[in-house]
Amino acid sequence: MADSGMSAELGDVADLEAAAAAFTQVRPRLFGIAYRMLSSVTEAEDLVQEVWLRWQTYDRSTVASPEAFLATTTTRLAINVLQSARKRRETYIGPWLPEPVDTGADPYLGAERGEALEFAALLLMEKLTPNERAAYVLREAFDYSYAQIAGILSSTEAAVRQLVSRARKHLTSERHASVPAAEQRELLTTFLAAARSGDLAELERLFTPDVTNLSDGNGRKGVARRPLVGSVRVAKFLQAISSWFWDDIDVAWTQANGQTAAVLLQDGVVYGLLTVSATAEGIDQLLWLVNPEKNKAVPAPA
């Protein structure tokens, strides 16, 4: 009896080790799905941990494909979290921007392609329905087949094709293609020099006519609570603050969401993250992430 009990115990240990190995192998992809769905490192990590807890207690003998099961669980949980997150954001003070993710080393994003990671794309995806967003992420970032996505969403291939098509049309109709990474970095560098010096003409030259300035501070003192739109208006605002804002700000460089970003340091402490998104016409978005809570996710400078 003792031997059989020990054998059962060893079998349980081996089974849990196999479960952990299967989970660890696909964890980068699970995080990549969750982050693109939720635009939050913190929420994505919490969700992946919840998937692990469910996987431990699930009857794994009934699972034919651990990878498919875990991706399905992650996506469905993300849809639920996204629905509740949108309600919470209704009370957010000022513009809301995605929490940055470190793509400099890219140790755990797990994407076959870099789609649906840039801030501009994540912001546009906020306007999709949760199912549209899930279908788009699975198809564009991870190359899941329409049949696989239909299984994950408990839908049909035809319906999934419609979801992906609507999502693509929405994203492409609202924004032109972004510039290559090297050009985005050059524009950001040039912008910082013009913003520091308050060079009005240079700022206007860099911007598209409908450039938008967004500051995510969630009520932080001294942070604009409304978007500024238009090259002249944004340039004049930046010129006005150039006489005092940059005095005690140091700039370091990092990679966030697949793009170059500037870490703004005040007395050696992270004040926030600044980046730009751009099209062939110039900078179309200035993004200031200065919410102290989100500063915890700012990638370390290179």
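In this report, we go over the structure that sits alongside the text. Here the structure is a predicted model, which means the values were calculated and not measured. (Residues numbered from 1 in each chain as written. Predicted model: local features only at pLDDT ≥ 70, side-chain atom pairs only at ≥ 80, totals over all residues. Heavy atoms only, no water.)

## Details of the layout of surface pockets
Gaps left between atoms show up when a probe the size of a water molecule is rolled over them.
(1) Moving on: Computed from the structure, the largest pocket encloses a volume of approximately 450 Å³.
(2) Moving on: If you go around the largest pocket, you meet 16 residues; those closest to its centre are Leu124, Glu174, Arg175, Asp284 and Gln285.
(3) Moving on: Elements with a minimum of two residues in the lining of the largest pocket: α4 (119-125), β1 (207-216) and β6 (282-289).
(4) Moving on: Of the residues forming the lining of the largest pocket, the biggest block, four residues, is contributed by β1.
(5) Moving on: Its residues assigned to classes, the lining of the largest pocket comprises four nonpolar, five polar and seven charged. (1 Å grid on protein atoms, 1.4 Å probe; cavity = no way out; pocket = protein on both sides within 12 Å on 5 of 7 lines; lining within 4 Å. Points joined across faces, edges and corners; volume = space filled by probe spheres on them. Helix = DSSP H or I, 4+ residues; strand = E, 2+ residues; numbered from the N terminus. Nonpolar A, V, L, I, M, F, W, Y, C, P; charged D, E, K, R; others polar.)

## Quick word on the pattern of salt bridges
(1) Moving on: This structure, assessed with the given rule, holds twelve salt bridges.
(2) Moving on: Ionic pairing is found between Asp15 and Arg60, a salt bridge with its closest N-O pair at 2.5 Å. On the criterion of sequence distance, the pair formed by Asp15 in helix α1 (residues 2-38) and Arg60 in the loop between α2 (41-57) and α3 (66-89) is long-range, its members being 45 residues apart.
(3) Moving on: Judged by relative accessible area, which is 16%, Arg60 ranks as buried.
(4) Moving on: Of the charged contacts, one joins Arg166 and Glu132 as a salt bridge, the two residues approaching to 2.9 Å between their closest N and O atoms. Here Glu132 lies in helix α5 (residues 130-140) and Arg166 lies in helix α7 (residues 157-174), a separation of 34 residues in the sequence.
(5) Moving on: A residue is classified by how much of its surface remains accessible, and Arg166, at 41% relative accessible area, is partly exposed.
(6) Moving on: On the accessibility criterion, Glu132 (10% relative accessible area) is buried. (Salt bridge = Lys/Arg side-chain N within 4 Å of Asp/Glu carboxyl O. Buried < 20%, exposed > 50% of the residue type's maximum accessible area, 1.4 Å probe, protein only.)

## Considerations on the packing of α5 against α7
(1) Moving on: At their nearest, the axes of α5 and α7 sit 8 Å apart, and the two run at 90° to each other. Judged on the interaxial angle alone, α7 and α5 are roughly perpendicular. Only Leu163, Val164, Arg166, Ala167, Arg168 and Leu171 of α7 make contact with α5, whose side of the interface consists of Asn131, Glu132, Ala135, Tyr136, Arg139 and Glu140.
(2) Moving on: The residue inventory of the contact of α5 with α7, partitioned by class, reads six nonpolar, one polar and five charged. (Axes fitted to C-alpha atoms, helices over the stretch in contact; angles between N-to-C directions. Parallel < 35°, antiparallel > 145°, perpendicular 65-115°, else oblique. Contact = heavy atoms within 4.5 Å.)

## Quick word on the pairing of β6
(1) Moving on: The element β6 is extensively covered by neighbouring structure, given that eight of its eight residues are classed as buried.
(2) Moving on: In terms of strand pairing, strand β5 (residues 269-279) meets β6 through seven bridges, oriented antiparallel. Its bridge partner being in β6, Leu273 is matched across the sheet by Leu289.
(3) Moving on: Where β5 folds back onto β6 in an antiparallel hairpin, the turn is made up of two residues. (Pairing = 2+ DSSP bridges.)

## A closer look at the pairing of β1
(1) Moving on: Burial analysis of β1 places eight of its ten residues in the buried class, the great majority of the element.
(2) Moving on: By the bridge criterion, six bridges tie β1 to β6 in an arrangement that is parallel. The residue bridging Leu214 from the neighbouring strand is Leu287, located in β6.
(3) Moving on: In the sheet, β1 pairs with strand β2 (residues 228-229) via two bridges, with the strands oriented antiparallel. Bridge pairing in β2 links Thr212 to Val229.

## With respect to the sheet that holds β1
(1) Moving on: Pairing is mixed across the open sheet formed by six strands, whose spatial order is β2-β1-β6-β5-β4-β3. Two strands bound the open sheet, and with one partner strand each, they are β2 and β3 (249-256).
(2) Moving on: Together, β1, β3, β4 (259-266), β5 and β6 form the strand contacts of helix α8 (residues 181-197), whose direction differs from that of β5 by roughly 120°.

## Describing the environment of Lys127
(1) Moving on: The topology assignment puts Lys127 in the loop between α4 and α5.
(2) Moving on: Put simply, Lys127 and Arg168 are 41 residues apart on the chain and 12 Å apart in space, counted from C-alpha to C-alpha.
(3) Moving on: The contact partners of Lys127, leaving out residues within four places of it in the chain, are Arg86, His170 and Glu174.

## Side note on the packing of aromatic side chains
(1) Moving on: Within this structure, the stated rule accounts for ten aromatic pairs.
(2) Moving on: Ring centres 5.4 Å apart and planes at 40° place the aromatic pair Trp55 and Phe69 in the tilted group. Of this pair, Trp55 sits in helix α2 while Phe69 is found in helix α3, placing the two residues 14 residues apart along the sequence.
(3) Moving on: Take Trp55: its relative accessible area is 3%, and that puts it in the buried class.
(4) Moving on: Pairing Trp244 with Phe245 gives two aromatic rings, centres 6.0 Å apart and planes at 80°, and the pair type is edge-to-face. (Phe/Tyr/Trp six-rings, centres within 6.5 Å; stacked < 30°, edge-to-face > 60°.)

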